[in-house]
Amino acid sequence: MIEQLTNLLDFLPPVLLTIVVSAAKIVPLVVVLILCVAFLTLAERKVIGAMQSRVGPNRVGPRGLGQPFADVIKLLLKEVILPARSNRILFLIAPLLSIIPALAAWAVVPLFPGFAIADIDAGLLYVLALTSLSVYGVILAGWATNSKYALLGAMRSAAQIVAYEIAMGFALVGVLMAGGSLNLGQIVAAQAGGPAQWFWLPLFPLFVVYFISGVAETNRAPFDVAEGESEIVAGFHVEYSGVAFAVFFLAEYANMILIAALTAVLFLGGWESPFAGPLYAFLDGGVLEFIRHDSLLWLSAKIAVFLFCFLWFRATFPRYRYDQIMRLGWKVFIPVTIVWIFVEGAMVVMQVGPWSA
Amino acid sequence: MLSLIFFYVLAAILLAAATGVIVARNPVYSVLYLVLAFVTSAVLWLLLEAEFLAIALVLVYVGAVMVLFLFVVMMLDVERAERQASFTRYAPVGAALAFVVAGELIAAFWLKSRSMPMTSFQAPRDAGYSNTRELGAVLYTQHVYAFELAAMILLLAIVTAIVLTMRRRPGLKAQDISAQVAVRAEDRVRLVSMPAETDE
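Below or above, wherever it landed, is the structure these notes cover. (Residues numbered from 1 in each chain as written. Chains lettered and ligands numbered in written order. Predicted model: local features only at pLDDT ≥ 70, side-chain atom pairs only at ≥ 80, totals over all residues. Heavy atoms only, no water.)

## A closer look at the packing of aromatic side chains
All names here are of chain A. Here the structure, examined in full by the defined rule, presents 21 aromatic pairs over all chains. With centroids separated by 6.4 Å and ring planes inclined at 70°, the aromatic side chains of tryptophan 200 and phenylalanine 204 adopt a geometry described as edge-to-face. Take tryptophan 200: its relative accessible area is 26%, and that puts it in the partly exposed class. Residue phenylalanine 204 is classed as partly exposed on the basis of its relative accessible area, which comes to 41%. Between phenylalanine 223 and tyrosine 320, the aromatic rings sit 5.3 Å apart at their centres with planes inclined by 15°, giving stacked as the arrangement. (Phe/Tyr/Trp six-rings, centres within 6.5 Å; stacked < 30°, edge-to-face > 60°. Buried < 20%, exposed > 50% of the residue type's maximum accessible area, 1.4 Å probe, protein only.)

## Things to note about the packing of helix α6 (residues 135-145) of chain A against helix α3 (residues 51-74) of chain B
Close contact between α6 of chain A and α3 of chain B brings their axes to 11 Å; oriented N to C, the two are set at 10°. Between α6 of chain A and α3 of chain B, the angle falls in the class roughly parallel. Only Val62, Met66, Val67, Leu70 and Met74 of chain B of α3 of chain B make contact with α6 of chain A, whose side of the interface consists of Val135, Tyr136, Ile139, Leu140 and Trp143 of chain A. Among the residues making up the contact of α6 of chain A with α3 of chain B, the classes are represented as 10 nonpolar, no polar and no charged. (Axes fitted to C-alpha atoms, helices over the stretch in contact; angles between N-to-C directions. Helix = DSSP H or I, 4+ residues; strand = E, 2+ residues; numbered from the N terminus. Parallel < 35°, antiparallel > 145°, perpendicular 65-115°, else oblique. Contact = heavy atoms within 4.5 Å. Nonpolar A, V, L, I, M, F, W, Y, C, P; charged D, E, K, R; others polar.)

## Section: the pattern of salt bridges
Pairing between side chains of opposite charge can happen when the charged atoms of each approach one another. All names here are of chain A. All chains considered together, the criterion is met by seven salt bridges over all chains. Residues arginine 220 and glutamate 44 are paired through a salt bridge, measuring 2.5 Å at the closest nitrogen-oxygen approach. Here the residue arginine 220 occupies a position in the loop between α9 (204-217) and α10 (229-232), and glutamate 44 occupies one in helix α2 (residues 14-51), the gap between them amounting to 176 residues. Each of the two residues, arginine 220 as well as glutamate 44, counts as buried. Between aspartate 224 and arginine 319 there is a salt bridge, with its nearest N and O atoms 2.8 Å apart. Here arginine 319 lies in the loop between α12 (296-316) and α13 (322-350) and aspartate 224 lies in the loop between α9 and α10, a separation of 95 residues in the sequence. Residue aspartate 224 is classed as buried on the basis of its relative accessible area, which comes to 10%. Overall, arginine 319 belongs to the partly exposed group, its relative accessible area being 29%. Bridged by salt links that share partners, the residues Glu44, Arg220, Glu252 and Arg314 form one connected network. (Salt bridge = Lys/Arg side-chain N within 4 Å of Asp/Glu carboxyl O.)

Right under this line is the structure:
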């Protein structure tokens, strides 16, 4: 499809052509992501409602499906209040700084076989760099608001993100060793051959550490002390209203989808089908043949599973105490990842598991 | 042509940001200008097809080091820091340092320019060129000992930092979570059977 577009528009100068073709890839992805965020907020309220024996939103549209749009319209129409003595420029830039990395990181995520918007060699590093940038939005929001509660929330968030980033980075080192590449597409390709070949099995501790660190990085429950309604009102976004608040909200959910996608790509084989093996050859020719092919469908299914876990955690666990968060990050996760990297090194040398070939 | 325009625009932003670091009165602005300077130089490196280094610069300096800087600077009393800051007092030291650094850079460029041409453009690499692979090939062959040594020192630093917090202060009434979880009813409740009292 991209080739057809390139051929169709080849009368344009090459610079313009590059821009048009890139936009043709980027715009649909961003639109789909924002729609996913909208329905994720609805899913969150429905799922948590079901877990708490409630109905959840059911007034707007059939079965409450119009609820996200009602929320968006409400937030867009509200006034953006700039607190007195706040730093206006930084106050307004901060939400943008938190949404940009959450969307930009999708550039390297392999969506289906052979396709990522930017198929770069240092993809894993790019993802790590961009996820580490999202902390600026939170810190600057907290500082620019010029309020004690917001500053406290920003401080908590900064310390937490720095702590969990190290564990996340070490978990990625393990993936790097197993995949033999920094390119996310090649990492997925290295996991070919069914669920037993996916990296979650040989790298199980790193998989668990990565996903939990991801929950901590996105400031989601039970790690949401940066918001901490019971102690510091709403943390870093306490003074934000209207569209500015909506952008923070969008960034949080976009980050959740990103972490879910990265966990799926790095540990659960991304777009690989779990039914690809010869064991399931009986499905060929039937109506269910499509589930044997590697496709975007499988990536979406895996992302959905992790997103459900995010919602499940929020409904299940009480909020961590702050010192316990720090203890978990520094004293449990980092040692676990370091030990497992050494174990993995030993496995590579002894040629066990996926390295037996 | 286009890359030249990009280069000059980015170089201008970089210089403006670097100036902003030293002239901004508010230390938080200084840190943010420094972040901007790092990001712009990373993009400049991307123009030189050094993608690995560019991303590493963003990851290490912008994503980690500057976050800690910002963390500390945010807690400063800004009003007081502004009053106390005196440009003229530190100007001679700063000027002397700037001269030394500039002298070193000029000497380095002069030495380099004798062995390789500085003014000609390098032809762009083909699409298959991987900067990451090239860097890995050099790091793991030619510089393998220095690289491994640096990696071990960094690992040691992080392990040591964690070990330092592992001390146990006596007399501290902290929760022991595993003990709390592992507790059984017999540890807390003692069921005694005693003969019932009678009035006699």
